[in-house]
Amino acid sequence: MARSSSKDAQDLFRALWSAYAATPTNLKIIDLYVLFAVFTALIQVVYMALVGSFPFNSFLSGVLSCVGTAVLAVCLRIQVNKENKEFKDLAPERAFADFVLCNLVLHLVIMNFLG
């Protein structure tokens, strides 16, 4: 029984990997950016757990900045994806401009929160 579920998991992983291989390069770059932002947030959480969170607002600012950036990047990926019919009339340049503007607002709020 365990052997069957292991084979099923391997088949699933291969199917996901082959489907992701067909993903356009610009979406893969956005995916890497999202992974980087999430990984940076995780590093900050681990650092806070090991060292402490003396300036707690700085810790919150850093983590929320990473998580907010990742969320905005996921929104950009959804809008830029050609297979998504909901945003077919939205130009990729407009989606990127929205991403940049929202990041600017996010980081202005984060800088204000720092004090």
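Everything quoted here is computed from the prediction, not taken from an experiment. (Residues numbered from 1 in each chain as written. Predicted model: local features only at pLDDT ≥ 70, side-chain atom pairs only at ≥ 80, totals over all residues. Heavy atoms only, no water.)

Peer 1: I would appreciate a short explanation of the nonpolar core in the present structure.
Peer 2: Note that soluble globular proteins tend to have their nonpolar side chains buried in a common cluster. Ile30, Val34, Ala73, Leu76, Val80 and Phe99 are the most contacted members of the largest nonpolar core, which totals 13 residues. Those elements that provide at least two residues to this core are helix H2 (25-51), helix H3 (56-80) and helix H4 (92-114). Counting residues per element, this core draws most heavily on H3, which supplies 5 residues. For Ala73, the contacting residues outside a window of four places in its chain are Ile30, Tyr33, Val34 and Phe99. (Core = buried A, V, L, I, M, F, W, Y, C linked by side-chain atoms within 4.5 Å. Buried < 20%, exposed > 50% of the residue type's maximum accessible area, 1.4 Å probe, protein only. Helix = DSSP H or I, 4+ residues; strand = E, 2+ residues; numbered from the N terminus. Contact = heavy atoms within 4.5 Å.)

Peer 1: Please clarify how the UniProt feature "transmembrane region" (unreviewed entry) in the protein chain should be interpreted in this entry.
Peer 2: UniProt's entry tags residues 32-50, 56-76 and 96-114 with the feature "transmembrane region" (unreviewed entry), counted in the numbering of this structure. In residues 56-76, the share of helix is 100% and the share of strand is 0%. The end C-alpha atoms are 30 Å apart. Secondary structure over residues 96-114 splits into 100% helix and 0% strand, and the C-alpha atoms at its two ends are 27 Å apart. (UniProt positions renumbered as here; feature names shortened; annotations may be inferred.)

Peer 1: Please explain the packing of aromatic side chains as it appears in this structure.
Peer 2: Aromatic ring pairs are defined here through the distance separating the ring centres and the angle between the ring planes. Inspection of every chain in the model, using the stated rule, returns 4 aromatic pairs. An aromatic cluster is present here, built from Tyr33, Phe96 and Phe99 joined pairwise through their rings. (Phe/Tyr/Trp six-rings, centres within 6.5 Å; stacked < 30°, edge-to-face > 60°.)

Peer 1: What is the right way to look at the pattern of salt bridges in this model?
Peer 2: Side chains that carry opposite charge are capable of pairing whenever their charged atoms lie near each other. Overall, the coordinates contain 4 salt bridges when judged by the stated rule. Here Arg14 ties to Asp11 by a salt bridge, and the two come within 3.5 Å at their closest N and O atoms. Of this pair, Arg14 and Asp11 both sit in helix H1 (residues 2-21), 3 residues apart, which is roughly one turn of that helix. A residue is classified by how much of its surface remains accessible, and Arg14, at 53% relative accessible area, is exposed. The closest approach of N and O atoms between Asp31 and Arg77, which form a salt bridge, is 2.5 Å. (Salt bridge = Lys/Arg side-chain N within 4 Å of Asp/Glu carboxyl O.)

Peer 1: What should I look at first to understand the packing of H2 against H3 in this one?
Peer 2: Between two packed helices, what matters for the description is the angle formed by their axes and the separation of those axes. Where H2 meets H3, the closest approach of the two axes is 9 Å, and the angle between their N-to-C directions is 165°. By the angle between their directions, the pair H2 and H3 is classed as roughly antiparallel. The crossing of H2 and H3 is left-handed. Of the residues in the contact of H2 with H3, the class split is 18 nonpolar, 5 polar and 2 charged. (Axes fitted to C-alpha atoms, helices over the stretch in contact; angles between N-to-C directions. Parallel < 35°, antiparallel > 145°, perpendicular 65-115°, else oblique. Left-handed = near helix turned anticlockwise from the far one by under 90°. Nonpolar A, V, L, I, M, F, W, Y, C, P; charged D, E, K, R; others polar.)

Peer 1: Teacher, can you tell me more about H2 here?
Peer 2: Structural remark: α-helix, 3.6 residues per turn; residues separated by three or four positions point the same way. When the terminal C-alpha atoms of H2 are compared, their 38 Å separation across 27 residues agrees well with the 39 Å that a helix rising 1.5 Å per residue should span. Listed in full, the buried residues belonging to H2 are Leu27, Ile30, Asp31, Val34, Ala37 and Ala41. Phi for Gly52, located one or two positions after H2, is positive at around 125°. (Expected span 1.5 Å × (residues − 1).)

Peer 1: Honestly, the packing of H3 against H4 in this entry has me stumped. Any pointers?
Peer 2: The interhelical angle for the contact between H3 and H4, taken along N-to-C directions, is 170°, at an axis separation of 10 Å. Judged on the interaxial angle alone, H4 and H3 are roughly antiparallel. Residue composition of the contact of H3 with H4, grouped by class: 14 nonpolar, 9 polar and no charged.

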